[in-house]
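Residue strings, one per chain:
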Amino acid sequence: MRYAYAGVNMERPLFALCALLLNVALAGPLKWYEAFGLPGLFNTPASILRNAERKLNREHRSLEERKWRGKMLTIMVLTGSLLTGWTFSLFSGHGFEGVELLIVTIALPVRPTWDRVSQIRKKLYAGDIVTARQALVDTAWRHNALLDDYGVARAGIEILAVNFSDKIIAPLFWYLLLGLPGLLVSKSIVLMQETLTQPGIERFAPGFGQAAQLTHYWLHFIPARLAAILWLLVAAVLPSCKWKEVAGQIAGGFKSETPQIIALLSAASILKLTLGGPASIYSNDRWIGTGTLKPLPGDIKRALNLFALLHLLLFILLGVFL
């Protein structure tokens, strides 16, 4: 029997907690994915979107026509996500709860994120910049071959920060509220935002990707700020962190910054780094933070430790609902 309280199905926190633990335990290491050819399978939706963009976003079309086509594609993807989530919810409600748990487990990339960034840290520490760059293949950093050591390190830290906000907290938020339809819509719009955005292109600029960017902004407006609050709670236990100063820096972006900028600002402020810049897919050429521009493998290790603490806090908060 399913119970609801304050609009939230009370089985969902349990499913979310189990899914996070299963992902941590079973969703890696990366070589498992490679052995079964799963990277190619998981990258299929992004490939489909890129092919659609190439066909729909051709330069000979007017700006208004490309904008309209992008809006229609966004509506189609979100509608398909809602219907898919609703269909799987029906299966789950008729004795196939395992299907729902499997979908939620796959949708929350805790272990894959950890493994990817850990690989970057290890290869940079060993001086193997070529393999470190390869760890960024199939990510938002489509020009990873041009990055130097510091650029790769920044990319790894940005992956931790943005994935926690966009690919873990936001899907969980919408899953707890709306179930599988909410989770799949959140995942779909993140995929569209990353796939259709190019470095250096102004945010929300009229064009093919504008609808996806605006939808991403509003769907993740609250989750991004919840993720930043979790960063602040974790920072409170760090003896070297000037908490009030960090809180002021992060709160300064709450009003209007994009979800991904808030994620970068949270990580940069606590780790005393400067993230973003021209190579970042998230910052539109902006530098975020006032710390060092040259992160080292040790900074990646500190970011990984914070990533682990964030999830420990998340486990505790989900346990409160049980």
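Bear in mind that the values here come from a model prediction, so they are computed numbers and not experimental data.

This part covers unusual backbone geometry. Positive phi outside glycine occurs at K272, with the angle close to 60°. Tracing the backbone through its elements, the reader meets K272 in the loop between α14 (259-271) and β3 (275-276).

As a further point, take a nonpolar patch on the surface. On the surface, I222, L226, I229 and L233 cluster together into a nonpolar patch covering about 330 Å² of accessible area. For L226, the location among the structural elements is in helix α12 (residues 221-235).

This part is about the side chain of N23. Looking at the secondary structure, you find N23 in helix α1 (residues 11-26). A distance of 2.6 Å separates a polar side-chain atom of N23 from the backbone oxygen of L108. At 3.1 Å, the side chain of N23 forms a polar contact with the backbone nitrogen of V110. Here N23 is in contact with T105, L108, P109, V110, R111 and P112, once residues within four sequence places are set aside.

Contact geometry of α12 with helix α15 (residues 297-320) gives a least axis separation of 10 Å together with a crossing angle of 105°. One element, α12, and the other, α15, form an angle in the roughly perpendicular class. Where α12 approaches α15, its residues L230, W231, L233 and V234 are matched on the opposing element by L306, L309, L310, L313 and L317. Here the contact of α12 with α15 is built from residues that sort into 9 nonpolar, no polar and no charged.

Under the definition given, this model contains 6 salt bridges. For D115, the salt bridge is made with R111, and the minimal N-O distance between the two is 3.2 Å. Linking D115 with R111, this pair stays in helix α7 (residues 110-125), spanning 4 residues, or about one helical turn. For R111, a relative accessible area of 22% gives the class partly exposed. When the shortest N-O distance is used, the salt bridge between K167 and E194 registers 3.4 Å. Of this pair, K167 sits in helix α9 (residues 149-178) while E194 is found in helix α10 (residues 180-196), placing the two residues 27 residues apart along the sequence. Each member of the pair, K167 as well as E194, is classed as buried. Several salt bridges converge on common partners, so that one network encompasses R61, E65 and R69.

With that settled, the discussion passes to the packing of aromatic side chains. Tallied over the entire structure, the rule returns 6 aromatic pairs. Seen in terms of ring centroids, F164 and F307 are 6.5 Å apart; in terms of plane orientation they differ by 75°. Their pairing is edge-to-face. Here F307 lies in helix α15 and F164 lies in helix α9, a separation of 143 residues in the sequence. Under the relative-accessibility criterion, F164 is labelled buried at 0%. The class for F307 is buried, based on a relative accessible area of 3%. Each ring, one from W218 and one from F221, has its centre 5.8 Å from the other, and the planes form 25°; the classification is stacked. With relative accessibility at 58%, the residue W218 sits in the exposed group. The structure contains a cluster of three or more aromatic residues connected by ring pairs, namely Y217, W218 and F221. If you follow R225 out to its NZ or CZ, it ends over the ring of F221, 3.6 Å from the centre.

Our focus in this paragraph is the environment of A107. Positionally, A107 belongs in helix α6 (residues 97-107). Setting aside anything within four residues of it in sequence, one finds A107 in contact with K167, L183 and K187.

What follows concerns the side chain of T113. Positionally, T113 belongs in helix α7. Other than its neighbours up to four places away in sequence, T113 contacts I159, L160, N163 and F307.

Attention now goes to α15. Between its first and last C-alpha atoms α15 spans 35 Å; for 24 residues at 1.5 Å apiece the expected length is 34 Å, and the two agree. Every buried residue of α15 is listed here: P297, D299, I300, A303, L304, L306, F307, L310, H311, L313, L314 and L318.

Within the element layout of this structure, R142 appears in the loop between α8 (129-134) and α9. Owing to a relative accessible area of 29%, R142 belongs among the partly exposed residues under this scheme.

So, on to the packing of α9 against α10. In the contact formed by α9 and α10, the axes pass within 6 Å of each other and the chain directions differ by 150°. As summarised for this structure, α9 and α10 are arranged roughly antiparallel, according to the angle between their axes. Where α9 crosses over α10, the handedness of that crossing is right-handed. Of the residues in α10, those in contact with D166, K167, A170, P171, W174, Y175 and L178 of α9 are L180, P181, G182, L183, S186, K187, V190 and E194. Looking at the contact of α9 with α10 residue by residue, the classes come out as 9 nonpolar, 2 polar and 4 charged.

Reading guide: rules and limits
Residues numbered from 1 in each chain as written. Predicted model: local features only at pLDDT ≥ 70, side-chain atom pairs only at ≥ 80, totals over all residues. Heavy atoms only, no water. Helix = DSSP H or I, 4+ residues; strand = E, 2+ residues; numbered from the N terminus. Patch = residues over 30% accessible without salt bridge, like charges linked within 9 Å, V, L, I, M, F, W, Y side chains within 5 Å. Areas by Shrake-Rupley, 256 points an atom, 1.4 Å probe, with all protein chains shown as cover. Salt bridge = Lys/Arg side-chain N within 4 Å of Asp/Glu carboxyl O. Polar contact = N/O pair within 3.5 Å; in protein donor to acceptor, adjacent residues only side chain to side chain. Contact = heavy atoms within 4.5 Å. Axes fitted to C-alpha atoms, helices over the stretch in contact; angles between N-to-C directions. Parallel < 35°, antiparallel > 145°, perpendicular 65-115°, else oblique. Nonpolar A, V, L, I, M, F, W, Y, C, P; charged D, E, K, R; others polar. Buried < 20%, exposed > 50% of the residue type's maximum accessible area, 1.4 Å probe, protein only. Phe/Tyr/Trp six-rings, centres within 6.5 Å; stacked < 30°, edge-to-face > 60°. Lys NZ or Arg CZ within 6 Å of the ring centre and 35° of its normal. Expected span 1.5 Å × (residues − 1). Left-handed = near helix turned anticlockwise from the far one by under 90°.

By themselves, these are just geometric observations and shouldn't be taken as functional.
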